[in-house]
Amino acid sequence: NTFNGRARIDYDLISHDKVIPKNSDVETKHKYISTMFGTGYYIFKNERIKIAPTLEFSLSKFDYRYRAKTPQNSEISSGRSFGWGALHLGVESFYKLTDNNNLNFNIKYAIPHDSIRNWFSVEIIDKQNIYRNETQELNLLIGIGFKDFEYRDTQKEMQNFMKHKISPILKVGIEYKI
């Protein structure tokens, strides 16, 4: 995920031991990369419904940069990168609407530890099959989700803190299965 922002600040701001004066124009660039490895086991399965508890491990990296132009036209900039790992417990469920259409519901919760204070997500995805043969499958994915995340690392100096609640998260994608 990448996201950028631009704003004029209404108050003096201190970031990375630098004072950004009131009425400065600030631009930010953020990059969030997360890789997950996991497994699940169907505890209930019939012709239309599947339910599986899941266990996942994620590795994440967050990178951000900012640049501010002060009212006196001087420039202030800085950036940081940091990463973390987390263990997630969850439940995935699948409901078969037709032979070519499934509704997937996922809920995940990360076990809190020293840096991860809260991590919770919910999503519902409609999976429409657009191609299938004996060994391959191509699906169109469209859905909506919610994410609540709070991170605070254990550094004494210049502690990294991030908190966000994002809703709705619109999800669109293509899934290729072999």
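Our subject is the structure listed above.
Now for a look at the structure at hand. All values reported here derive from a predicted model rather than from experimental measurement. (Residues numbered from 1 in each chain as written. Predicted model: local features only at pLDDT ≥ 70, side-chain atom pairs only at ≥ 80, totals over all residues. Heavy atoms only, no water.)

Further remarks concern the overall build of the chain. From N to C terminus, the chain includes 0 helices and 11 strands. Taken from the N to the C terminus, the helices and strands of the chain come in the order β-β-β-β-β-β-β-β-β-β-β. For the chain, the C-alpha radius of gyration of 21 Å lies well beyond 16 Å, the compact-globule estimate for 178 residues. Residues counted as buried form 31% of the 178 residues belonging to the chain. Carbon and sulfur atoms make up 55% of the accessible area of the chain, which amounts to about 11,800 Å² in all. Here the chain contributes 26 positive and 21 negative side-chain charges, whose respective centroids are spaced 2 Å apart. (Helix = DSSP H or I, 4+ residues; strand = E, 2+ residues; numbered from the N terminus. Rg over C-alpha atoms; globule rule 2.2 N^0.38 Å. Buried < 20%, exposed > 50% of the residue type's maximum accessible area, 1.4 Å probe, protein only. Areas by Shrake-Rupley, 256 points an atom, 1.4 Å probe, with all protein chains shown as cover. Lys, Arg positive; Asp, Glu negative; His and termini not counted. Charge placed at Lys NZ, Arg CZ, Asp CG, Glu CD.)

What follows is about the pairing of strand β8 (residues 101-110). Here strand β7 (residues 75-98) pairs with β8 via 10 bridges, running antiparallel. Paired with F94 across the bridge in β8 is N104. Across 9 bridges, the pairing between β8 and strand β9 (residues 116-132) is antiparallel. By the bridge assignment for β9, N104 is matched with I125. Once β8 ends, the chain turns through 5 residues before running back antiparallel as β9. (Pairing = 2+ DSSP bridges.)

A cluster of nonpolar side chains, F37, L55, F57, L59, L87, L89 and I111, forms an exposed patch at the surface whose accessible area comes to about 610 Å². If you list the elements that add at least two residues to the nonpolar patch, you get β6 (49-69) and β7. In terms of residue count, the dominant contributor to the nonpolar patch is β6 (3 residues). With respect to the secondary-structure elements, L89 resides in strand β7. Given the relative accessible area of 43%, L89 is considered partly exposed. (Patch = residues over 30% accessible without salt bridge, like charges linked within 9 Å, V, L, I, M, F, W, Y side chains within 5 Å. Salt bridge = Lys/Arg side-chain N within 4 Å of Asp/Glu carboxyl O.)

Right, let's get into the pattern of salt bridges. Applying the stated criterion across every chain, the model contains 10 salt bridges. As a salt-bridge pair, D63 and R65 come within 3.2 Å of each other at their nearest N and O atoms. Exposure remark for R65: the relative accessible area of 41% places this residue in the partly exposed category. A network of salt bridges, in which partner residues are shared, links R6, E27 and R67.

Moving on, we get to the nonpolar core. The biggest cluster of nonpolar side chains holds 12 residues, and these are Y32, F62, Y64, F82, W84, A86, A110, I116, W119, F149, Y151 and M162. Mapped onto this core, the elements with two or more residues apiece are β6, β7, β9 and β10 (137-152). Take this core: its biggest share by element is 3 residues, from β7. Filtering out sequence-adjacent residues up to four positions away, F82 remains in contact with S60, K61, F62, Y64, Y151, N160 and M162. Grouped together as the second largest cluster of nonpolar side chains are 6 residues, I20, Y66, A68 and I76 included. (Core = buried A, V, L, I, M, F, W, Y, C linked by side-chain atoms within 4.5 Å. Contact = heavy atoms within 4.5 Å.)

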